[in-house]
Amino acid sequence: MDNLIKARLQMVRDQIAGRGIGNSALLEAMSKVQREFFVPPHLAEFAYLDTPLPIESGQTISQPYIVALMIEVVAPRPSDRALEIGTGSGYGAAVLSQLVAEVYTVERDERLFELATRRLADLGYTNVKVLHGDGTLGWPEHAPYDVIVVTAGGPQIPKPLLEQLAIGGRLVIPIGEVPRLQSLIRVTRVGKDQYDEENLGPVQFVPLIGAQGWEPGVALPERPSPPETIAKLIRDNAEPIDDIDEVDLGPLLDRIANARVVLLGEATHGTSEFYRMRARITKELILRKGFNFVAVEADWPDAARINQYIRHAPGRPDQWKAFARFPTWMWRNQEALELVEWLRAHNAEVNNPERYASFYGLDLYSLFTSINAVITYLSKIDPAMAETARQRYACLTPWAQDPAAYGRAVLSGSYVDCEEEVVKMLRDMLEHRLEYSERDGDRFFDAMENARLAADAERYYRLMYYGSVDSWNLRDQHMFDTLERLFDFHGSGSKGIVWAHNSHVGDAAFTEMGARGEFNVGQLCRTRFADSGFIVGFGTDHGTVAAASEWDGSMEFKKIVPSHEASYERLCHDSRVEAFMLHLRDPRRPEVRVELMPVRLERAIGVIYRPESELMSHYFQACLPRQFDEYVWFDETRAVTPLPSVAAPGVPETYPFGV
């Protein structure tokens, strides 16, 4: 129990106050209400995580920050009467009850109503009354209300709720034309028939069902045809993959045509078939289409080790271990190693450094490794500047083992941010770019990318505590900007291949991400390259995957739950084709694109996989034919094969996965 109290206080400090919620009474209320009693018993240990959690009847309890945000924006006062629409587990009503005189809450699901009524009574929340009914109609017997909080998203603001709002009262509700894609709207009643509205930004809530909301069963828009018809259409248009090593990729290469950038996704970070198929496509693009480089969702310094190895460059004396941070299995695996060895052998056959294939990292987590790389470079080429770099980067030294702690310290006000120093360092190197690049162009390019990474990473670790949208956009903008610089570095006729998760390469404008204000590498590439970019998504139904249960946790081999019945994955599974490629941009039969156009669920498994909360944790809404140009499917998949952390005896020092 002491651990839960500590977790609750930490939640309030980091997730609520740390994101700008400043209402002291609200912070105190959330410090008191025991969220562990409002989730199923087996999830009690996760009660204070920064995430929604599943509850009974297939519903969810909202992320703590969202609960706090919705309550703060209606500015509750001790004398207020509050109405909540969507009781759920009762947690929101419990928090509200600490801030107002009376809370009236309405729940349409009978089981949730019964559980919440009993739970609130047992916990002593005597100023809360619960009604089983249609929340879109409000609770007129106790109107007017000074505060109304609606915890589900509707197509418009229900008129009865506006009528039950007191003059001067405040209402908050998610509103959107598509279920689960909404904006948070605050309404203030300023007169008998006068209401002021304010859009507070994108959010994601379950649909508001009722007479003044959505019809039951509209969690997804209606489909133009039954699922079995669409599954057959997929089967008729799919190009089967009987063997990854033997499948004819000629038709796919014809569709890629003269694209300058090809983005290869993955639905998980730990699936063997995805790595092997991307490797096969990559080899063909290099051999038959003249692609120059591969850029992957990995840190720049770690990928530089591989680039050095495959290009047969002399080894460097650095004593750090590549791909050693969580999740190590994402690149330190047998499947990635086979591609690395192929690239090295290919370059040996080419025997011309100007025509070598190269390998780069796009990500920005390697703050301190990149700082060390900059100092090492400058020590050889400009010792005075190296000393300046040591002094400027010293601001970050206390956080070398835990960069995330730097962000927390800055956010709490206990430490001054280091932005000015890292940006000065980047500017100084840019001012010397002609002098430095004349001595060693390749090494200077590497050092500059590390300096840019340090500047972006410093900002990223500060932004990550303000919310996911800003930090996500910074990260993907960094990856895209790095990609653009790689094209500049390799010249006007260069071609690049990107390896990253579907969530990074699939056009975010056609997913829930776009509704939340997030963009990604795929969307930026579509804008920059138009038809000269080609995006390939990947998917699976079931099998095993390498993933962890929590951040920095141990790798596990986990079983993938068969796909949700309302998902694109279920349609592919029901096609009964074990593995295939499906063209989406301009298919042979246009009706396949038309039938797949309505928004459906799509699954994303990252380095963390939680099957017990899969629907909320790993599914989002998307439009597959607009997200990708091609979709590659493997119905049953297996986990990648991780490599040991230390190279075997006798392996050369230049070996990319060694020390």
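Everything numeric here is computed off the predicted structure, so don't read it as measured data. (Residues numbered from 1 in each chain as written. Predicted model: local features only at pLDDT ≥ 70, side-chain atom pairs only at ≥ 80, totals over all residues. Heavy atoms only, no water.)

## Structural notes on the overall build of the protein chain
Using the following cut-off: Runs of H or I in DSSP of at least four residues are treated as helices and runs of E of at least two as strands, each being numbered from the N terminus. This radius of gyration counts C-alpha atoms alone. The globule rule is 2.2 Å times how many residues there are, raised to the power 0.38. In this scheme, a residue with accessible area under 20% of its type's maximum is buried, one over 50% is exposed, and one in between is partly exposed, where area comes from a 1.4 Å probe on protein chains only. We call two residues in contact when some of their heavy atoms are within 4.5 Å. Charged residues are defined narrowly, with Lys and Arg counted positive, Asp and Glu counted negative, and His plus the chain ends left uncounted. To locate a charge, take NZ of a lysine, CZ of an arginine, CG of an aspartate or CD of a glutamate.
On a plain count of helices and strands, the protein chain comes out with 25 helices and 20 strands. Taking 659 residues into account, the globule formula puts the C-alpha radius of gyration at 26 Å, and the protein chain, at 27 Å, falls close to it. If one aligns the C-alpha atoms of the protein chain with their principal axes, the spans along those axes are about 85 × 65 × 45 Å. Out of the 659 residues belonging to the protein chain, those deemed buried represent 56%. Restricting the contact set of the protein chain to residue pairs at least 6 apart, pairs at least 24 apart contribute 71%. For the protein chain, the separation between the mean place of its 69 positive charges and that of its 94 negative charges on side chains is 1 Å.

## A short note on the pairing of strand β17 (residues 579-583)
Here is the rule: If DSSP finds at least two bridges between two strands, the strands pair.
The buried count for β17 comes to five of five residues, which makes it a mostly enclosed element. Going residue by residue along β17, you find A579, M581 and H583 tucked away on one face and F580 and L582 tucked away on the opposite face as well. Sheet topology note: the strand β10 (residues 239-240)/β17 ladder contains two bridges and is antiparallel. Considered in β17, the bridge of E239 is made with M581. Relative to strand β20 (residues 630-637), β17 runs antiparallel, the two sharing five bridges.

## Comments concerning the state of the cysteines
Under the convention used in this document: Any two cysteine sulfur atoms lying within 2.5 Å of each other are counted as a disulfide.
In total, this model carries one disulfide according to the counting rule given. With a sulfur-sulfur separation of 1.9 Å, C395 is cross-linked through a disulfide to C418. Between C395 and C418, the S-S dihedral sits near -75°, and the bridge is therefore left-handed. With a gap of 23 residues between them, C395 in the loop between α13 (383-393) and α14 (403-412) and C418 in the loop between α14 and α15 (419-431) connect regions that are remote in the sequence. There is no split in this pair, since C395 and C418 are both buried. The thiol sulfur of C572 is not disulfide-bonded, and the nearest other cysteine sulfur, from C623, lies at 14 Å.

## With respect to a negative patch on the surface
This is how the line gets drawn: Like-charged residues are merged into a patch within 9 Å and nonpolar side chains (Val, Leu, Ile, Met, Phe, Trp, Tyr) within 5 Å, provided each residue has over 30% relative accessible area and no salt bridge. Method for areas: the Shrake-Rupley scheme with a 1.4 Å probe, in which residue coverage is limited to the protein chains shown. Any carboxyl oxygen of Asp or Glu that lies within 4 Å of a side-chain nitrogen of Lys or Arg is treated as forming a salt bridge with it.
On the surface, D242, D243, D245, E246 and E338 cluster together into a negatively charged patch. Structurally, D245 is set in the loop between β10 and α8 (250-256).

## A look at the packing of helix α1 (residues 2-16) against helix α2 (residues 24-32)
Note the threshold: Every axis in this analysis is a line fitted to C-alpha atoms, fitted for helices over the stretch in contact. Angles between the N-to-C directions lie between 0 and 180 degrees. Helix crossings are classified by the rotation of the near helix relative to the far one: an anticlockwise turn of less than a right angle makes the crossing left-handed, while a clockwise turn makes it right-handed.
Between α1 and α2, the least distance of the axes is 8 Å, while the angle of their chain directions is 145°. Crossing angle aside, the handedness with which α1 passes α2 is right-handed. Facing R8, L9, M11, V12 and I16 of α1, the residues of α2 in contact are L27, M30, S31 and K32.

## Details of the nonpolar core
We count it as follows: Grouping buried Ala, Val, Leu, Ile, Met, Phe, Trp, Tyr and Cys residues that are joined through side-chain atoms within 4.5 Å yields what is termed a nonpolar core.
Counting residues in each nonpolar core, the largest one holds 73 residues, and the members touching the most others are L378, Y393, M429, L483 and L596. Of the residues forming this core, the biggest block, twelve residues, is contributed by helix α17 (residues 441-463). Aside from chain neighbours lying at most four places away, what touches M429 is V374, Y377, L378, F444, A447, M448 and A451. Formed by 52 residues, the second largest nonpolar core is a distinct cluster that contains I281, I306, F323 and F326.

## Quick word on unusual backbone geometry
Across the junction of A143 and P144, the peptide omega takes the value 5°, indicating a cis bond. Residue position: P144 is located in the loop between β5 (128-132) and β6 (145-150). Backbone geometry at A75 places phi at a positive 45°, although glycine is not the residue there. Summarising the element assignment, A75 is placed in the loop between α3 (64-73) and β3 (81-85). Even without a glycine there, the phi angle at R576 is positive, about 65°. Take R576: it is sitting in the loop between α22 (568-574) and β17.

## Observations regarding the pairing of strand β19 (residues 619-622)
Burial along β19 is two-sided: the face carrying Y619 and Q621 and the face carrying F620 and A622 are both buried. Alignment of strand β18 (residues 600-603) against β19, held across four bridges, turns out to be antiparallel. Along β19, the bridge assignment pairs R603 with Y619.

## A closer look at the pattern of salt bridges
Going through the model one piece at a time under the given rule, you end up with 26 salt bridges. Among the salt bridges present, the one from K232 reaches D236, with a minimum N-O distance of 2.9 Å. One end of the pair is K232 and the other is D236, both in helix α7 (residues 227-237) and four residues apart, which spans about a single turn. Of the residues examined, K232 reaches a relative accessible area of 43% and is grouped as partly exposed. A salt bridge links R452 to E449, with the nearest nitrogen and oxygen atoms 3.4 Å apart. One end of the pair is R452 and the other is E449, both in helix α17 and three residues apart, which spans about a single turn. Here the residues in one salt-bridge network are K232, D236, R589 and E591, joined through shared partners.

## Digging into the packing of aromatic side chains
To keep it simple, the criterion reads: We call Phe, Tyr and Trp rings a pair once their centres come within 6.5 Å, taking the six-membered ring for Trp, and we label the pair stacked below 30 degrees between planes, edge-to-face above 60, and tilted otherwise.
Applying the stated rule across the entire model yields 20 aromatic pairs. Measuring from ring centre to ring centre gives 5.9 Å for Y275 and W331, while their planes differ by 75°; the resulting arrangement is edge-to-face. A residue pair is termed long-range when its members are at least 10 positions apart, and Y275 in helix α9 (residues 272-289) and W331 in the loop between α10 (300-310) and α11 (334-350) qualify at 56 residues. Classification of Y275 as buried rests on a relative accessible area of 0%.

## Brief notes about helix α5 (residues 110-122)
Counted only if it meets this: To estimate how far a helix should reach, multiply one less than its number of residues by 1.5 Å. An arc is given here, and it is the one of the directions from the helix axis to the C-beta atoms. Two N or O atoms count as a polar contact when they lie within 3.5 Å, although within protein this holds only if one can serve as hydrogen donor and the other as acceptor, and sequence-adjacent residues are included solely when both atoms are side-chain atoms.
Here α5 is 13 residues long and its end C-alpha atoms lie 18 Å apart, about the 18 Å a rise of 1.5 Å per residue gives. Considered for burial, the residues of α5 that qualify are L112, A116, R119 and L120. Projected onto a plane normal to the axis of α5, the buried residues spread over an arc of 95° and lie on a single side. Across α5 from its buried face, at more than 90 degrees, point the exposed residues A121 and D122. In this structure, the buried residues of α5 make contact with α4 (91-97), β4 (102-107) and β5. Its side-chain oxygen 3.1 Å from the backbone nitrogen of R111, D109 forms the N-cap of α5. Taken from the residues just after α5, G124 is the one with a positive phi, measuring 85°.

## Some details on the confidence of the model for the protein chain
Definition in use: pLDDT expresses how confident the predictor is about each individual residue, on a scale running from 0 to 100.
Per-chain confidence: the protein chain averages 88 in pLDDT, with 91% of residues scoring 70 or above. For residues 648-654, every residue scores under 50 in pLDDT, and the model assigns this stretch five contacts once sequence neighbours within four places are set aside.

## Here we look at the side chain of R255
Along the chain, R255 turns up in helix α8. Look at R255 and you get buried, because its relative accessible area is 19%. The contact partners of R255, leaving out residues within four places of it in the chain, are E239, F534, H583 and E630.

## Side note on the side chain of E284
With respect to the helices and strands, the residue E284 is situated in helix α9. Overall, the relative accessible area of 12% leaves E284 in the buried class. With residues up to four places along the chain from it excluded, the contact list for E284 reads L249, L253 and K289.

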